[in-house]
Structures are given as C-alpha cells and as structure tokens.
Amino acid sequence: QVQLVESGGGLVQAGGSLRLSCVISGSIFSFNALEWYRQAPGKQREMVAFITRGGNTNYADSVKGRITITRDNAKNTVYLQMNSLKPGDTAIYYCAATAKKDKLYRYWGRGTQVTVSS
C-alpha cells in the first residue's frame, strides 16, 4: 500500500514563501514521476509541477519562476518550494506518485491547505 503524506501548508501573506513536503512510503525510484497538484475552491484539480525519475522537471505556466520541485531520494521525500506567493495560489495542494506497469497507476496524498492572504 503506497502512502503519501503532505505537510508544510499554512497561511501566508502575498509575497511570502512556503515549502511543502511529501513523504512517500517505499523507494521513490519505483515511481516514474512525482507530482504536485492543486485544487482551488470551485475549480478543477490542476498539475503544478512534476519531477521524473531521471530528474527532469516541468511546471505549469502560472507558477514558472516562482515554484521549484525537488526530491530527496534518501528521505523518500518530494518538496515544493513556493516563493512570491499570490492569493491565486490559494488551494489544497496534493502530492502524487505515478508508476507505469501494465497500466498507469497514480497514488495520491490527502492534501495540505495553502492560503495566501492579500
């Protein structure tokens, strides 16, 4: 059973920073990609960033230059460093891990709330 546990969310003023963490049970090398998504009230869940097993990263246009995804293989943890936060970044942030086997499997954490006040 794969478990993902996010932490680090909270309330921050616009322009501030937060670092989200996601601890994943088992070796993160077993996953093809580690991802962060977010869902704002009344909106669909959207991908924020992902990092592949090979270390390639990709970001949503709305967060490029402000958010960085990294991972610590020894700690089985993926991070999301968020700087210059805006009220529009307010959402529940979810960590996900994707594995390609006979089909695509995506495992989800329960999310952590990020609220950015103006």
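In the block above lies the structure referred to throughout.
Just so you know, these numbers come straight off a predicted model, no measurement behind them. (Residues numbered from 1 in each chain as written. Predicted model: local features only at pLDDT ≥ 70, side-chain atom pairs only at ≥ 80, totals over all residues. Heavy atoms only, no water.)

Observations regarding the overall build of the protein chain
For the protein chain, the count of helices and strands is zero helices and eleven strands. Listed N to C, the secondary structure of the protein chain is β-β-β-β-β-β-β-β-β-β-β in terms of helices and strands. For 118 residues, the compact-globule estimate of 2.2 N^0.38 gives 13 Å, and the C-alpha radius of gyration of the protein chain, at 14 Å, lies within 12% of that figure. The 118 residues of the protein chain split such that 41% are buried. Looking at the protein chain alone, contacts between residues at least 24 apart form 53% of all its contacts between residues at least 6 apart. Element-wise, carbon and sulfur atoms account for 47% of the exposed surface of the protein chain, whose accessible area totals about 6400 Å². Taken together, the 15 basic and 7 acidic charged side chains of the protein chain have centroids lying 1 Å from each other. (Helix = DSSP H or I, 4+ residues; strand = E, 2+ residues; numbered from the N terminus. Rg over C-alpha atoms; globule rule 2.2 N^0.38 Å. Buried < 20%, exposed > 50% of the residue type's maximum accessible area, 1.4 Å probe, protein only. Contact = heavy atoms within 4.5 Å. Areas by Shrake-Rupley, 256 points an atom, 1.4 Å probe, with all protein chains shown as cover. Lys, Arg positive; Asp, Glu negative; His and termini not counted. Charge placed at Lys NZ, Arg CZ, Asp CG, Glu CD.)

Re the packing of aromatic side chains
With the rule as written, the count across this model stands at three aromatic pairs. Geometrically, the ring pair formed by phenylalanine 31 and tyrosine 107 is edge-to-face, given 6.0 Å between the ring centres and 70° between the ring planes. Of this pair, phenylalanine 31 sits in the loop between β3 (18–24) and β4 (33–39) while tyrosine 107 sits in strand β10 (residues 104–108), placing them 76 residues apart in sequence. Residue classification places phenylalanine 31 among the buried residues on the basis of a relative accessible area of 5%. Given a relative accessible area of 23%, tyrosine 107 falls into the partly exposed group. (Phe/Tyr/Trp six-rings, centres within 6.5 Å; stacked < 30°, edge-to-face > 60°.)

Thoughts on the environment of threonine 115
Looking at where threonine 115 falls in the secondary structure, it is placed in strand β11 (residues 112–117). Residues threonine 115 and lysine 86, 29 residues apart in the sequence, show an inter-C-alpha distance of 9.2 Å. Residue contacts for threonine 115: discarding those within four places in its chain leaves Gly10, Leu11, Val12 and Thr90.

Some thoughts on the state of the cysteines
By the definition in use, this model includes one disulfide. Residue pairing for cysteine 22: its cysteine sulfur links by disulfide to cysteine 95, the two sulfurs lying 2.1 Å apart. In this structure, the disulfide formed by cysteine 22 and cysteine 95 twists by about -80° around the S-S bond and is classed as left-handed. Of this pair, cysteine 22 sits in strand β3 while cysteine 95 sits in strand β9 (residues 91–100); the two residues are 73 residues apart in sequence, bridging distant segments of the chain. Side by side, cysteine 22 and cysteine 95 carry an identical accessibility label, which is buried. (Disulfide = S-S within 2.5 Å.)

Details of the nonpolar core
Trp36, Val78, Leu80, Met82 and Tyr93 are the most contacted members of the largest nonpolar core, which has 30 residues in total. Among the secondary structure elements, those contributing two or more residues to this core are β3, β4, β5 (46–52), β7 (67–72), β8 (77–82), β9 and β11. It is β9 that provides the largest number of residues to this core, a total of five residues. Aside from chain neighbours lying at most four places away, what touches methionine 82 is Gly16, Ser17, Leu18, Leu20, Arg66, Ile67, Tyr93 and Val114. (Core = buried A, V, L, I, M, F, W, Y, C linked by side-chain atoms within 4.5 Å.)

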